[in-house]
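Coordinate inspection notes
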Amino acid sequence: MAGRINDDDVKAVRDAVPIDSVVSEYLQLRNAGGGNLKGLCPFHDEKSPSFQVSPGKGLFHCFGCQEGGDTIAFVMKIDHLSFSETVERLAAKAGITLRYEEGGYNPSHQRGERIRLIEAHQAAAEFYVRALESPEAEIGRKFLAERGFDQDAAAHFRVGYSPAGWDHLTRYLRGKGFSDKELITSGLSQDGRRGPIDRFRGRLMWPISDTAGEIVGFGARKLRDDDNGPKYLNTPETPIYKKSQVLYGIDLAKKDIAKASRAVVVEGYTDVMACHLAGVTTAIATCGTAFGNDHIKILRRLLMDNGSARVIFTFDGDSAGQKAALRAFEDDQKFAAETYIAIAPDGMDPCDLRLAKGDDSVRDLVEPRTPLFEFALRQIVGRYDLETPAGRAAALDEAAAVVAKIKTSSVQREVAVQLAGFVGILDQEFVVHRVAQLARWARDKGGDNAERGARRGGPRAPRGAAPQQPAPGFSGPALNLRSPAHRTERELLKLALQKPALVSPAFDAYGVDEFTAPPYAAVRQCIAEAGGAEQGLADNREYLVAVMDAAPDNTVRSLVTELAVEVFIGKTIDETYAGMQLVHVRLRAVDRRINDVQGSLARLGSHVAPQDLAAAQNEVWVLQQYAQSLRAHGAAAL
């Protein structure tokens, strides 16, 4: 195995790849003020953004789930990579060649599993693209041409062809240095009677990329009648490919989805191609599975759940498409975006529509018209005989239960009124009351509310209105941020992490015991072990990394990143403001010491030795003089 990556190279990678450019590959970021950016956390579900990125410090922190760290920590967490795999991946992005402590440069066979699998898929994609130009692939080129896709379109989407032989790709990748084990693990090959053979043979190939643009799998379309396999064959589940967590075209569409606050969900690879070529560059598709929770999470992070966001589903008009729409509506409430459904005339999909009526018809198709809730409710209501009282009652019971799931009360009422019209009940308030009653019953069961309460997280603002419990691993009283002492200690630590020049060198003379909140004392200890706040004057990023490395556990490390990106209470952060925090923390520490000494003397009474009494009285006098000087002269007396 390769040795430990050289520390200087790790630092070079960390400095070379801006954290905001990496994070923005996975979610939309917006200005949060103070030089920070914000977005919806990719590590837990939330409705409002509590995930902050500080490009200047190279850090991220979520105030909801407390995840935090630098660029390397983010990639490790979101892509489930080891430290060395992450550094290797970021180094490749930055064009940095890594050195290893035990044996020089990293040979390819020593690279992490995920990186090797990604490299195998990239090599396979290049192989398939070249194969599409072969005489054998004429059937594939004809298939594309009949659907309106020329050579340029195929190249743009990196469409390829898998030769019909047993092991063309397998032999090619072996020649590139990939082992049989890697080929089987990647899903590109499968076990045959005499060794690995190609999984995909004689098919059109679409590469499937993750949000970061790395190829993680393929979708393969049958071309010949003698192919006994399914019409579409996808990569099996592998360490890098989970069909419920990928969306075809997301790498091409993500920027426009974020920019336009709009996403178009279609059903197939050719539909994505048709939409993009027609100018609908926000189109994406699922890969052989229903649109589900993980897909919603991907889109929510790009859409940022703002009020103008739109998600348009273009399901086929057949019964399968209608079922898909109803499944999507069941998850509709997990979007803050408004959701719509678009069904083309005669049930055509976007690819067929573009062929029959041109690009304008595709663009017109995806203009929001029918809200998804309306389509879903009409599908439910349509199953009943609304000419009879029993039919209307049954339709209302089923549809009202769906409307009751709508979380926003004003929207719930509006949809309930529309439901009354769909069912043909003139008494709208009766339907509104019925829906509200079902919603209350669901809440009373506790499940939804309890889960929502458990998920709800927001920034721990320094002005918090309620006492906070100590973080796991800390002892002592609850952290009450209405306490002036705790609030000031927090501000001082934020200054020491974010603006060390304003508090150095005075801060480094402060003892851990001057911080009364155990979590803050733990952070102060980390700063001390990292060499003190003065270390931040030369290189603030390396200083923050050193502070995080000094943390004894993830709880303390999370608090470090939280304090390193949190905005200050004050409006003007200068030497005067910093001096105030330094003085307040020191003054309270002095007053506590005076009270401790005087309390000890009171408890001992006449039993104290004369020399001990004199020493204690002298200490109190000195401390009182120091406190008086701090009150009179501020930071100048430190």
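Described below are features of the structure shown in this document.

Definitions and limits used
Residues numbered from 1 in each chain as written. Predicted model: local features only at pLDDT ≥ 70, side-chain atom pairs only at ≥ 80, totals over all residues. Heavy atoms only, no water. 1 Å grid on protein atoms, 1.4 Å probe; cavity = no way out; pocket = protein on both sides within 12 Å on 5 of 7 lines; lining within 4 Å. Points joined across faces, edges and corners; volume = space filled by probe spheres on them. Helix = DSSP H or I, 4+ residues; strand = E, 2+ residues; numbered from the N terminus. Nonpolar A, V, L, I, M, F, W, Y, C, P; charged D, E, K, R; others polar. Buried < 20%, exposed > 50% of the residue type's maximum accessible area, 1.4 Å probe, protein only. Contact = heavy atoms within 4.5 Å. Expected span 1.5 Å × (residues − 1). Pairing = 2+ DSSP bridges. Axes fitted to C-alpha atoms, helices over the stretch in contact; angles between N-to-C directions.

**Re empty space enclosed by the protein**
Applying the stated criterion across every chain yields a total of one cavity of 30 Å³ or more. Here the largest cavity is characterised by a volume of approximately 30 Å³. Along the walls of the largest cavity sit Ala-485, Glu-489, Glu-514, His-584, Val-585, Arg-588 and Arg-592, which together make up its complete lining. Counting only elements with at least two residues in the lining of the largest cavity, the list comes to α21 (484-498) and α26 (575-604). Per-element accounting of the lining of the largest cavity gives the leading share, four residues, to α26. Partitioned by chemical class, the residues of the lining of the largest cavity number two nonpolar, one polar and four charged.

**Re unusual backbone geometry**
Cis peptide bonds are those with omega within 30 degrees of zero, and the linkage from Ser-504 to Pro-505 qualifies with 0 degrees. Counting through the fold element by element, Pro-505 comes out in the loop between α22 (500-503) and α23 (518-529). A positive phi angle, close to 50 degrees, is found at Ser-261, a residue other than glycine. Checked against the element boundaries, Ser-261 lands in the loop between α10 (250-260) and β14 (262-266). Residue classification places Ser-261 among the buried residues on the basis of a relative accessible area of 7%.

**Some words on the environment of His-168**
Residue position: His-168 is located in helix α8 (residues 168-175). Residues His-168 and Asp-198, spaced 30 residues apart in sequence, show a C-alpha to C-alpha distance of 7.0 Å. Sequence-distant contacts of His-168, that is, excluding residues within four places in its chain, are made with Phe-127, Pro-163 and Asp-198.

**A closer look at α21**
Count 3.6 residues to each turn of an α-helix, and residues three or four apart come out pointing the same way. With 15 residues, α21 extends 21 Å between its outermost C-alpha atoms, agreeing within 8% with the 21 Å of an ideal straight helix rising 1.5 Å per residue. Counting buried positions over the 15 residues of α21 gives 13, a clear majority of the element.

**Some points on the sheet that holds strand β2 (residues 36-39)**
Within the open sheet, the five strands sit side by side as β1-β2-β3-β4-β5. Their pairing is antiparallel. Strand pairing shows two members of the sheet lacking a second neighbour, β1 (30-33) and β5 (68-70), which therefore form its edges. Within the sheet, the average angular offset between the axes of one strand and its neighbour, ignoring direction, is 25 degrees. Across three bridges, β2 lies against strand β3 (residues 51-54) in antiparallel orientation. Counted as the bridge partner of Leu-37 is Val-53 from β3. Helix-sheet contacts for helix α25 (residues 554-565) involve β2, β3, β4 (59-62) and β5, and the interaxial angle to β4 is about 105 degrees.

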